[in-house]
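Inside the fold
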Amino acid sequence: MKTIMVTGAAGYIGRHVVEALVTKGAHVIALDVNKSVSSEHVESIVGDIFSQDFDVRSIISGEMPDACLHLAWRNGFQHNADTHILDLSSHYRFITSLVDAGISHIAVMGTMHEVGYWEGAIDETTPCNPQSKYGIAKDALRRALLLDSQSRNYCLQWLRGYYIYGDDEKSQSVFGKLLGAAHEGKETFPFTSGVNRYDFTDIRVLADMISEAVLQTDIDGVINCCTGNPVSLANKMESFIKDNGLSIRLEYGAYPDRPYDSPGVWGNPDKINLIMAACCN
């Protein structure tokens with residue numbers, strides 16, 4: 001049985017990943033800043049990993065976990081919040097302190113927004129030119145950790161996420177906002193043109209991908225956790241409205257398309273497909 005420490009364990013992604021890891025037989029140390037995770041198979045710890053005084057050795061009884069999956073991130077849906085830049089050194093300090101403490105396997109949640117404007121498939125060699133503070137901070141952390149992992153020889157997995165949906169009432173995504181507007185009785189939802197094509201992943205499928213990735217070390221580096229199948233945002237939203245039986249319509253063109261959003265971008269899923277195929281054999 002592997003022991004996996006998960007930061008941000010009570011968050012939108014974290015809750016599903018913890019459940020997936022437990023289902024796969026892992027022992028989970030769930031670490032979150034202000035919420036405990038209730039499960040008989042989970043060791044739940046409340047702690048502020050961004051504190052200068054945080055010491056992982058003070059909260060772990062016995063041996064260090066086999067791996068840390070770092071999901072914790074503030075204001076992920078507010079792409080230009082200052083916290084992305086202000087928290088950057090804290091993320092780096094926390095993760096490198098884990099390596100100092102003896103954890104030799106680090107997995108971190110990344111994002112397609114590290115890449116910035118790109119048309120077509122993204123793989124681990126795609127150049128990055130992020131266009132938001134969120135993307136800039138994630139890209140800087142990835143670059144710094146890649147250098148550190150090479151010099152100190154630990155396993156680093158950068159799990160790059162794309163467009164996530166599912167469990168939408170607890171999400172701050174556009175799907176969650178649409179659902180909230182429908183529940184408030186609104187007849188229309190202000191929207192962009194919706195023509196951009198993206199790689200959408202259900203949160204439960206993503207959690208399965210992330211958990212399988214962190215339970216192995218043969219495949220590391222940048223791992224795209226995605227489907228590889230681009231779908232237009234309009235089609236996905238219209239399907240969401242139909243599937244959920246919502247009485248609301250999209251007000252196309254109410255908002256301009258963001259200049260840093262590509263007309264079509266998706267992930268290359270080769271690595272995650274290998275990982276998922278191996279777990280099924």
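See above for the structure.
I will try to describe carefully the structure that is included in this document.

Reading guide: rules and limits
- Per chain, residue numbering runs from 1 following the sequence as it is written.
- Selection of residues for local features in this predicted model requires a pLDDT of at least 70, selection of side-chain atom pairs for listing and counting requires 80 or more, and totals for whole chains, interfaces and linings are taken over all residues.
- Computation of side-chain values: all heavy atoms of the structure, hydrogens and water removed.
- One side-chain nitrogen of Lys or Arg within 4 Å of one carboxyl oxygen of Asp or Glu is enough to make a salt bridge.
- By definition, any uninterrupted DSSP run of H or I lasting at least four residues is a helix, any uninterrupted run of E lasting at least two residues is a strand, and each is numbered from the N terminus.
- The cut-offs for exposure are 20% and 50% of the maximum accessible area for each residue type, with area from a 1.4 Å probe on protein chains only; residues under the lower value are buried, those over the upper are exposed, and the others partly exposed.
- We call a set of buried Ala, Val, Leu, Ile, Met, Phe, Trp, Tyr and Cys residues a nonpolar core when their side-chain atoms join them within 4.5 Å.
- Only the six-membered ring of Trp is used, alongside the rings of Phe and Tyr, when aromatic pairs are assigned; centres must lie within 6.5 Å, and planes under 30 degrees apart are stacked while those over 60 apart are edge-to-face, with the rest tilted.
- Whether a charge sits over a ring comes down to the Lys NZ or Arg CZ being within 6 Å of the ring centre and within 35 degrees of the ring normal.
- Strands were regarded as paired on the criterion that DSSP finds at least two bridges between them.
- Looking down the strands as they point away from you, a crossover is right-handed if its path from the first strand over the helix to the second goes clockwise.
- Helix axes use the C-alpha atoms of the stretch in contact, all axes being lines fitted to C-alpha atoms, and the angles between their N-to-C directions lie in the range 0 to 180 degrees.
- Only heavy atoms matter for contacts: two residues are in contact if any of them lie within 4.5 Å across the pair.
- Cavity and pocket criteria rest on a 1 Å grid covering protein atoms alone: a 1.4 Å probe that fits but cannot get out defines a cavity, protein on both sides within 12 Å along at least 5 of 7 lines defines an open pocket, and an atom within 4 Å of a point defines a lining residue.
- Grid points are joined across faces, edges and corners, and a volume is the space filled by probe spheres set on the points.
- Gly counts as polar in this scheme, as do all residues outside two lists: the nonpolar Ala, Val, Leu, Ile, Met, Phe, Trp, Tyr, Cys and Pro, and the charged Asp, Glu, Lys and Arg.

The next point concerns the pattern of salt bridges. Two side chains of opposite charge can pair, provided their charged atoms sit close to one another. Counted under the stated rule, the structure contains 15 salt bridges. Residue Glu 124 is joined to Lys 271 by a salt bridge in which the shortest nitrogen-to-oxygen separation is 3.9 Å. Pair noted here: Glu 124 is in the loop between strand 6 (120–122) and helix 4 (133–152) and Lys 271 is in helix 8 (residues 270–280), with a separation of 147 residues, a long-range link. Owing to a relative accessible area of 41%, Glu 124 belongs among the partly exposed residues under this scheme. Across the salt bridge formed by Arg 152 and Asp 148, the nearest N and O atoms sit 3.1 Å from each other. You can see Arg 152 and its partner Asp 148 sitting in helix 4, 4 residues apart, about one turn around the helix. Among the residues examined, Asp 148 registers a relative accessible area of 10% and is labelled buried. Here the salt bridges share partners, and the residues they tie into one network are Glu 114, Asp 139, Arg 142, Arg 143 and Arg 160.

This next bit is on the nonpolar core. Ranked by internal contacts, the top residues of the largest apolar core, which has 36 residues, are Val 6, Ile 13, Leu 69, Leu 159 and Ile 210. Elements with a contribution of two residues or more to this core: strand 1 (3–7), helix 1 (12–23), strand 2 (27–32), strand 4 (67–70), strand 5 (105–111), helix 6 (203–214) and helix 8.

Turning our eyes to something else, we now look at the packing of aromatic side chains. According to the stated counting rule, one finds 9 aromatic pairs in the structure shown. Aromatic side chains Tyr 163 and Tyr 198 sit 4.1 Å apart centroid to centroid with 20 degrees between the ring planes, which places their arrangement in the stacked category. With Tyr 163 in strand 8 (residues 163–165) and Tyr 198 in strand 10 (residues 197–202), this pair connects stretches of sequence that are 35 residues apart. The two residues Tyr 163 and Tyr 198 agree in class, both being buried. Grouping aromatic residues by their ring pairs yields a cluster made of Tyr 163, Tyr 165, Phe 175, Tyr 198, Phe 200 and Phe 240. One cation-aromatic arrangement involves Lys 138 over Trp 73; the distance from NZ or CZ to the ring centre is 3.9 Å.

Moving on, we get to the pairing of strand 2. The buried fraction of strand 2 amounts to 5 of the 6 residues, a majority that puts the element mostly inside the structure. Judged from the 5 bridges that link them, strand 1 and strand 2 form a sheet pairing that is parallel. From the neighbouring strand, Thr 7 faces strand 2, where its bridge partner is Leu 31. Running through helix 1, the crossover from strand 1 to the neighbouring parallel element strand 2 is right-handed. Summarising the sheet, strand 2 and strand 3 (residues 42–46) pair through 5 bridges and their orientation is parallel. By the bridge assignment for strand 3, Ala 30 is matched with Ser 44.

On to the sheet that holds strand 10, then. Judged by pairing direction, the sheet is mixed, and its 3 strands sit side by side in the order 8-10-12 without closing on themselves. At either end of the open sheet lies a strand with only one pairing partner, and these are strand 8 and strand 12 (230–232). The average undirected angle you get between the axes of adjacent strands in this sheet is 55 degrees. Where strand 10 meets strand 12, 3 bridges bridge the pair, whose relative direction is antiparallel. From the neighbouring strand, Arg 197 faces strand 12, where its bridge partner is Ser 232. Packed onto the sheet, helix 6 meets strand 8 and strand 10 and runs at close to 75 degrees relative to strand 10.

Turning our attention to empty space enclosed by the protein. Evaluation of the coordinates by the stated rule reveals 1 cavity of 30 Å³ or more. Within this model, the largest cavity holds a volume of roughly 80 Å³. Grouping the constituent residues of the lining of the largest cavity by class yields 3 nonpolar, 5 polar and 1 charged.

Time to look at unusual backbone geometry. Positive phi outside glycine occurs at Asn 75, with the angle close to 60 degrees. The residue Asn 153 is not glycine, and still its phi comes out positive at about 60 degrees. Of note, Asn 153 is situated in the loop between helix 4 and strand 7 (155–161). Take Asn 153: its relative accessible area is 70%, and that puts it in the exposed class.

Every buried residue of helix 5 (residues 174–183) is listed here: Phe 175, Gly 176, Leu 178, Leu 179, Ala 181 and Ala 182. Those residues of helix 5 that are buried are in contact with strand 8, strand 9 (188–190), strand 10, helix 7 (233–243) and strand 13 (249–251). Positive phi shows up at Gly 185, right after helix 5, with a value of about 90 degrees.

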